[in-house]
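One-letter residues, chain by chain:
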Amino acid sequence: MTNSIREIGNAACILAIGTNTTEAHPVIALEIKKAVRQGGKLIVANTREIELVQNADIWLRHRPGTDVALLTGMVKVIVDEGLADTAFIEERCENFDDFKESLKAFDLDSVSHITGVPAEKIAEAARTYATNSPASILYAMGITQHSHGTDNVMAIANLAMLTGNIGKPSTGVNPLRGQNNVQGACDLGALPNVYPGYQSVADAAIKEKFEKAWGATLSDKPGLTVTEMFDGAHKGTIKAMYIVGENPPLSEPDANHAIEALTKLDFLVVQDIFMSETAELADVVLPAASFAEKDGTFTNTERRVQRVRQAFEPVGDAKPDWWITCQIARKMGINGFDFESSAEIMTEIASLTPSYGGISYERLEEGGLQWPCPTPEHPGTPILHAQQFSRGKGHFVPLEYKPSVELPDDEYPLLLTTGRSLFHWHSGTMTRRVGGLNDLLGEGWVDISPMDAEKLGIAHGDHVKVSSRRGSVPARANVTEVSDEGVVYMNMHFAESSANVLTNPALDPVAKIPEFKVCAVRVEKNSN
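Because the structure is a prediction, the values reported are computed rather than measured. (Residues numbered from 1 in each chain as written. Predicted model: local features only at pLDDT ≥ 70, side-chain atom pairs only at ≥ 80, totals over all residues. Heavy atoms only, no water.)

**Notes on the packing of helix α3 (residues 67–80) against helix α6 (residues 108–115)**
At a minimum axis distance of 9 Å, the contact between α3 and α6 shows a crossing angle of 160°. Here α3 lies roughly antiparallel to α6, going by the angle between them. The handedness of the crossing between α3 and α6 is left-handed. Residues A69, L70, G73 and V77 of α3 pack against L108, V111, I114 and T115 of α6. Of the residues in the contact of α3 with α6, the class split is six nonpolar, two polar and no charged. (Axes fitted to C-alpha atoms, helices over the stretch in contact; angles between N-to-C directions. Helix = DSSP H or I, 4+ residues; strand = E, 2+ residues; numbered from the N terminus. Parallel < 35°, antiparallel > 145°, perpendicular 65-115°, else oblique. Left-handed = near helix turned anticlockwise from the far one by under 90°. Contact = heavy atoms within 4.5 Å. Nonpolar A, V, L, I, M, F, W, Y, C, P; charged D, E, K, R; others polar.)

**What to know about the domain arrangement of the protein**
Domain boundaries assigned for the protein yield domain 1 (5–176), domain 2 (182–370) and domain 3 (414–525). A C-alpha centroid distance of 30 Å is found between domain 2 and domain 3. Counting residues at the interface gives 18 residues for domain 2, matched by 21 residues for domain 3. Taken together, the links from domain 2 to domain 3 amount to one salt bridge. Between E228 and K512 there is a salt bridge, with the nearest N and O atoms lying 3.0 Å from each other. Where domain 2 packs against domain 3, one counts five residue pairs in polar contact (both at pLDDT 80 or more). Per element, the largest residue contribution to the side of domain 2 that touches domain 3 is three residues, and it comes from helix α13 (residues 248–251). (Domains from an automatic or database assignment. Salt bridge = Lys/Arg side-chain N within 4 Å of Asp/Glu carboxyl O. Polar contact = N/O pair within 3.5 Å; in protein donor to acceptor, adjacent residues only side chain to side chain.)

**Some remarks on the packing of aromatic side chains**
How two aromatic rings sit relative to each other is given by the distance of their centres and the angle of their planes. One pass over the full model with this rule turns up eight aromatic pairs. Their ring planes at 20° and their centres at 4.5 Å tell us that Y195 and F210 sit as a pair that is stacked. You can see Y195 sitting in strand β7 (residues 194–195) and its partner F210 sitting in helix α11 (residues 204–214), a full 15 residues away along the chain. Accessibility classification places Y195 together with F210 in one group, the buried group. (Phe/Tyr/Trp six-rings, centres within 6.5 Å; stacked < 30°, edge-to-face > 60°. Buried < 20%, exposed > 50% of the residue type's maximum accessible area, 1.4 Å probe, protein only.)

**A short note on the sheet that holds strand β11 (residues 284–287)**
To summarise the sheet geometry, strands pair through backbone hydrogen bonds and adopt either a parallel or an antiparallel arrangement. The sheet built from three strands is open, its strands ordered β9-β10-β11 with parallel pairing. Since the sheet does not close on itself, it has two edges, and those belong to β9 (240–244) and β11, each with one partner. In this sheet, adjacent strand axes meet at a mean angle of 10° when their direction is disregarded. As paired strands, strand β10 (residues 267–272) and β11 are joined by four bridges and run parallel to one another. (Pairing = 2+ DSSP bridges.)

**With respect to the layout of surface pockets**
As a volume, the second largest pocket reaches approximately 500 Å³. E23, R48, D447, N478 and Y489 are, among the 26 residues lining the second largest pocket, the residues nearest its centre. Of all the secondary structure elements, the ones that give two or more residues to the lining of the second largest pocket are α1 (21–24), β17 (445–448) and β20 (487–491). In the lining of the second largest pocket, the residues fall into 10 nonpolar, nine polar and seven charged. A domain split of the lining of the second largest pocket shows at least three residues from each of domain 1 (5–176) and domain 3 (414–525). (1 Å grid on protein atoms, 1.4 Å probe; cavity = no way out; pocket = protein on both sides within 12 Å on 5 of 7 lines; lining within 4 Å. Points joined across faces, edges and corners; volume = space filled by probe spheres on them.)

**A word on the environment of A84**
For A84, the location among the structural elements is in the loop between α3 and α4 (86–92). As for A84 and M492, which are separated by 408 residues in sequence, their C-alpha atoms are 40 Å apart. Setting aside chain neighbours within four positions, we find A84 in contact with I78, I89 and L162.

**What about the pattern of salt bridges?**
Counted under the stated rule, the structure contains 25 salt bridges. Ionic pairing is found between D80 and K76, a salt bridge with its closest N-O pair at 3.0 Å. Within this pair, D80 and its partner K76 are both found in helix α3, separated by four residues, close to a single helical turn. For R127, the salt bridge is made with E81, and the minimal N-O distance between the two is 2.9 Å. Placement of R127 in helix α7 (residues 119–131) and of E81 in the loop between α3 and α4 is noted, with a sequence separation of 46 residues between them. Since its relative accessible area comes to 37%, R127 is described here as partly exposed. Salt bridges linked by common partners bring D295, R307, R309 and E365 together as one network.

Pasting the structure below:
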């Protein structure tokens with residue numbers, strides 16, 4: 001997030017796109033509702049009639065995968081009607097003339113045809129966002145998990161810069177991260193192309209810095225993303241995997257392909273707190289300590305680094321993840337893994353990562369700090385880009401609309417989109433073990449509109465089969481107007497009804513994220 005969670009409640013306008021915030025980020029949803037109570041305008045852009053629609057001034061029910069067209073259509077209205085922040089553009093941005101020229105392809109009639117949203121509603125949303133400042137944009141994986149997810153994010157950035165809604169309180173481009181420490185994992189190098197602090201592996205000076213600190217020779221070539229790793233395992237070019245806290249048989253697209261890839265490995269090590277579906281396939285399982293059994297830090301979606309403190313001793317043979325990794329490294333004869341505590345690791349992080357340079361356990365005892373926090377005296381940074389962008393000037397990016405890779409046809413006439421339930425977490429490794437949560441939602445359902453259900457002879461509660469080009473899964477039919485005609489929806493939590501058996505592994509060419517949010521399916525009443 002460029003801004004902080006507590007600022008959301010003071011926004012004069014919020015555009016929530018590609019986020020089912022009340023289910024996936026319920027605490028942040030409270031800030032949205034606070035803004036509405038205080039008179040702020042709420043624009044919800046979502047193909048489903050999610051709970052936030054009840055609070056919205058404007059609901060844009062666009063077709064899945066048409067975000068670039070919708071957002072850039074709004075941009076064109078703002079430019080054409082003279083609502084852009086010209087002073088901000090001239091002072092802080094570049095490439096506006098070329099960008100403005102590219103908007104000719106996004107006239108409202110064309111955008112309405114692509115998105116399915118009436119032209120007058122798109123124009124109303126554009127005017128509302130442009131004339132109510134400060135305005136904040138919130139988005140989640142409904143924006144990023146597409147074959148054109150990078151373009152979607154660029155479209156959001158274009159809209160924020162155009163109206164000067166960046167670098168100020170209660171504004172910004174605010175991605176809501178999908179897990180409690182996914183921001184921290186990315187910050188500290190769990191990406192294939194960067195060292196901690198997003199320092200490029202291809203930069204010779206940075207490479208030399210880490211080689212000196214770690215006493216090792218390092219590659220300047222980016223590695224593979226998760227989905228690319230599974231392709232490699234399936235082809236036999238990757239022979240072994242060490243998987244920590246991840247459950248690919250439920251979380252990877254085209255999950256049957258991921259399971260086949262795991263079974264083809266010569267050696268699989270899984271480190272987790274439960275015996276997950278992935279651990280069942282492993283040659284070695286290393287029992288890890290849960291968050292309550294170890295010391296460390298989490299970095300949340302607003303870039304806030306916070307202490308995690310051990311509440312009780314680990315169960316059985318479980319150990320902290322860092323300790324397990326260090327023990328393996330020592331057994332392999334590798335130097336530099338002689339840490340005795342997580343605090344010592346944080347000291348090394350600060351010494352090598354400029355954005356974390358001023359963060360220490362001692363300072364975190366007084367409360368969380370938001371990076372960048374480069375020195376011990378620095379108070380942290382609640383708002384990014386206040387004076388200038390990290391690259392200098394904000395660059396307007398001309399975009400074109402690209403359809404999703406897989407669209408409905410006669411054989412697979414419906415679009416499937418996926419998401420999370422309020423009652424379960426990600427691949428269900430933890431929450432599916434909680435009886436009370438299973439009482440609330442204990443099996444996989446597919447949301448289908450009354451119109452589609454009637455055409456298919458399906459009644460609410462029927463057992464159905466959902467099929468794509470990659471496989472089939474059973475589910476129960478939830479006939480509901482929450483789903484639009486032609487669009488069905490499934491949660492990703494249930495191994496028995498694994499939505500990701502169905503999803504498309506097509507990748508965004510830049511971020512290499514799979515297209516979880518759009519694939520073609522058919523739904524049939526189960527004859528069994």
